[in-house]
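# Working through the structure, step by step
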Amino acid sequence: MWHAKEIGEVEKNFRTNPKIGLTEEEVQNRRKYFGENILKEKKKETIFWKFVKQFNDFMILILLIASIISAFI
């Protein structure tokens, strides 16, 4: 990939200069094309949903059903 190419070839492909970086015009063009360099935050899970997700396993459900049946007997 990029690590196997010559420096000049990588500079040409990325349209940049390693000594001075990107020009302001190139920064604006890339922001328009790619968008801002910001990660979107995920919606945080509540403690309740974290607890409920613990029971999302087949063996856990079998054990819960067995304990309910055992409690009734």
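Residues numbered from 1 in each chain as written. Predicted model: local features only at pLDDT ≥ 70, side-chain atom pairs only at ≥ 80, totals over all residues. Heavy atoms only, no water.

Turning next to the overall build of the chain. On a plain count of helices and strands, the chain comes out with four helices and zero strands. Over its C-alpha atoms the chain spans a radius of gyration of 27 Å, topping by over 25% the 11 Å that the globule rule assigns to 73 residues. Considered along the principal axes of its C-alpha atoms, the chain spans approximately 80 × 30 × 20 Å. Looking at the chain as a whole, 4% of its 73 residues are labelled buried. Taken as a whole, the chain presents about 7800 Å² of accessible surface, with 62% of it coming from carbon and sulfur. Computed over 13 positive and 10 negative side-chain charges, the inter-centroid distance for the chain is 5 Å. (Helix = DSSP H or I, 4+ residues; strand = E, 2+ residues; numbered from the N terminus. Rg over C-alpha atoms; globule rule 2.2 N^0.38 Å. Buried < 20%, exposed > 50% of the residue type's maximum accessible area, 1.4 Å probe, protein only. Areas by Shrake-Rupley, 256 points an atom, 1.4 Å probe, with all protein chains shown as cover. Lys, Arg positive; Asp, Glu negative; His and termini not counted. Charge placed at Lys NZ, Arg CZ, Asp CG, Glu CD.)

In this section: the packing of aromatic side chains. Counted under the stated rule, the structure contains three aromatic pairs. Taking 5.5 Å as the distance between ring centres and 70 degrees as the angle between the ring planes, the aromatic pair formed by F48 and W49 counts as edge-to-face. Judged by its relative accessible area of 53%, F48 is exposed. Ring centres of F51 and F55 lie 5.0 Å apart, and the angle between their planes is 80 degrees; on these two criteria the pair is classed as edge-to-face. The exposure class of F55 is partly exposed, given its relative accessible area of 29%. (Phe/Tyr/Trp six-rings, centres within 6.5 Å; stacked < 30°, edge-to-face > 60°.)

This part takes up unusual backbone geometry. Within the chain, R15 stands out as a residue other than glycine whose phi angle is a positive 50 degrees. In this fold, R15 is placed in the loop between α1 (7-14) and α2 (24-34).

With that settled, the discussion passes to the pattern of salt bridges. Across all of its chains, the model carries three salt bridges by this definition. The shortest N-O distance in the salt bridge between E26 and R15 comes to 3.0 Å. Of the two residues, E26 is situated in helix α2 and R15 in the loop between α1 and α2; the sequence distance between them amounts to eleven residues. With relative accessibility at 12%, the residue E26 sits in the buried group. (Salt bridge = Lys/Arg side-chain N within 4 Å of Asp/Glu carboxyl O.)

Counting through the fold element by element, D57 comes out in the loop between α3 (47-53) and α4 (58-72). Linking D57 and K43, residues 14 residues apart in sequence, is a C-alpha distance of 23 Å.

Spatial relationships are all this shows, so hold off on functional conclusions.
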